[in-house]
Each structure stands twice: as structure tokens, then as C-alpha cells.
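# Overview (structure and organization)
Letter by letter, the chains look like this.
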Amino acid sequence: MSTRSGAARAVPMPARPNPGDGRRPGTGQAQRAPRPKVIHSRKPTLLEKLRLDGMRLVWVLVPLIALLLGGVVFVNVQRLNLTTQTGRTVDMYNQAQADILRLRAALAEKDGQVVDQAVKRLGMVQAPGNGLTYVSVPKEARIAPGQAPRTR
């Protein structure tokens with residue numbers, strides 16, 4: 001029987017004469033059987049409290065703490081990867097915006113060349129800007145009523 005179970009155990013006492021008994025041992029009288037002494041279980045110590053079914057609590061806590069710290073490291077690595085991907089996406093967006101601005105500048109340049117050619121070849125004039133744009137046709141290019149349009 002274990003002393004840790006909390007149950008009391010009986011320990012037999014050695015045989016001795018009772019001090020109040022007038023009889024001497026060995027005089028022919030039968031001696032009484034000694035009364036067992038009851039020993040109660042003691043309070044568990046801190047070391048005993050830190051055991052779980054014979055296994056130390058530290059052996060459970062250390063892997064648990066290591067697992068939690070590993071989880072924290074995993075979350076931080078994933079957050080760093082997400083931040084890196086976000087930075088790349090922002091860089092790609094900025095590069096696309098720069099390409100759009102460059103293409104708009106090239107389009108404006110080509111548009112300016114077309115307007116210059118229209119002014120030189122056809123004598124067209126663009127109206128001063130207040131939101132209206134009109135084109136005037138030179139006298140040579142005008143058609144009279146009933147006349148077929150010139151293609152060249």
C-alpha cells in the first residue's frame with residue numbers, strides 16, 4: 001500500500017508490558033497483543049505536487065512552452081512574408097503608373113505631330129481653348145452643292 005494515497009496504515013508495535021499492569025512478563029499470564037499504531041499520511045511536498053502520475057510537470061511544460069514559442073515564430077515569419085509580398089505589389093503598382101505616364105506622354109507627342117501635320121498640309125486651325133475645338137476647312141477643299149467630294 002502506498003503512503004501517497006492518503007490512507008492511514010497500521011504499524012505493529014513491539015511487545016512490551018503495560019506500565020499500569022501489575023503482572024510481570026513471563027509469569028504464566030498470556031500477554032495482550034499490542035495495539036497497532038496509526039500513522040496518518042503527511043502533506044505532499046512541492047516536489048510531489050509537481051509530479052503528474054509519476055512524471056514531472058517540468059517535462060510537460062518545457063515542450064508546451066517550446067511549442068508556443070514555435071507558433072509565435074511561425075506567425076512572425078508569415079507576417080514578414082506578407083509584408084514582403086505587399087512591398088512587391090506596391091513596387092509593381094508604382095512601376096505600372098510610371099509606364100502609364102510614359103505612354104501618355106508618347107501619345108501626347110504623337111497627337112501633337114498629327115495636329116502639326118494637319119495644320120501644315122490642310123491649313124486647319126485649332127480653336128483657342130475654352131473647351132470647344134473646331135476645325136476650319138480651307139477654301140480650296142470646300143465643295144459646292146452638287147459637287148462630288150475630292151478624295152485626293
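Conventions adopted
Residues numbered from 1 in each chain as written. Predicted model: local features only at pLDDT ≥ 70, side-chain atom pairs only at ≥ 80, totals over all residues. Heavy atoms only, no water. Helix = DSSP H or I, 4+ residues; strand = E, 2+ residues; numbered from the N terminus. Buried < 20%, exposed > 50% of the residue type's maximum accessible area, 1.4 Å probe, protein only. Contact = heavy atoms within 4.5 Å. Areas by Shrake-Rupley, 256 points an atom, 1.4 Å probe, with all protein chains shown as cover. Salt bridge = Lys/Arg side-chain N within 4 Å of Asp/Glu carboxyl O. pLDDT = per-residue confidence, 0-100. Patch = residues over 30% accessible without salt bridge, like charges linked within 9 Å, V, L, I, M, F, W, Y side chains within 5 Å. Expected span 1.5 Å × (residues − 1).

### Thoughts on the overall build of the protein chain
- Counting its secondary structure elements, the protein chain contains 2 helices and 4 strands.
- Starting at the N terminus, the α and β elements of the protein chain follow one another as β-β-α-β-β-α.
- Within the protein chain, the fraction of its 152 residues that count as buried is 1%.
- Once local pairs closer than 6 in sequence are excluded, the contacts in the protein chain between residues at least 24 apart make up 34%.
- Per element, the accessible surface of the protein chain, about 14500 Å² overall, is 60% carbon and sulfur.

### Description of the pattern of salt bridges
- Across all of its chains, the model carries 1 salt bridge by this definition.
- Of the charged contacts, one joins Asp 99 and Arg 102 as a salt bridge, the two residues approaching to 3.6 Å between their closest N and O atoms. With Asp 99 and Arg 102 both in helix H2 (residues 58–122) and 3 residues apart, the pair spans about one turn of that helix.

### Examining the confidence of the model for the protein chain
- Per-residue confidence for the protein chain gives a mean pLDDT of 79; residues scoring 70 or more make up 70%.
- The least confident element of the protein chain, judged by mean pLDDT, is strand S1 (residues 9–11) at 59; the most confident is H2 at 94.

### Digging into a nonpolar patch on the surface
- Residues Leu 61, Leu 64, Ile 65, Leu 67, Leu 68 and Leu 69 make up a contiguous nonpolar surface patch of about 600 Å² in total accessible area.
- Mapped onto the elements, Leu 68 comes out in helix H2.

### Points about H2
- Helix length check: H2 (65 residues) gives 95 Å between terminal C-alpha atoms against 96 Å at 1.5 Å per residue, within 8%.
- Looking at the residues trailing H2, positive phi occurs at Gly 123, about 75°.

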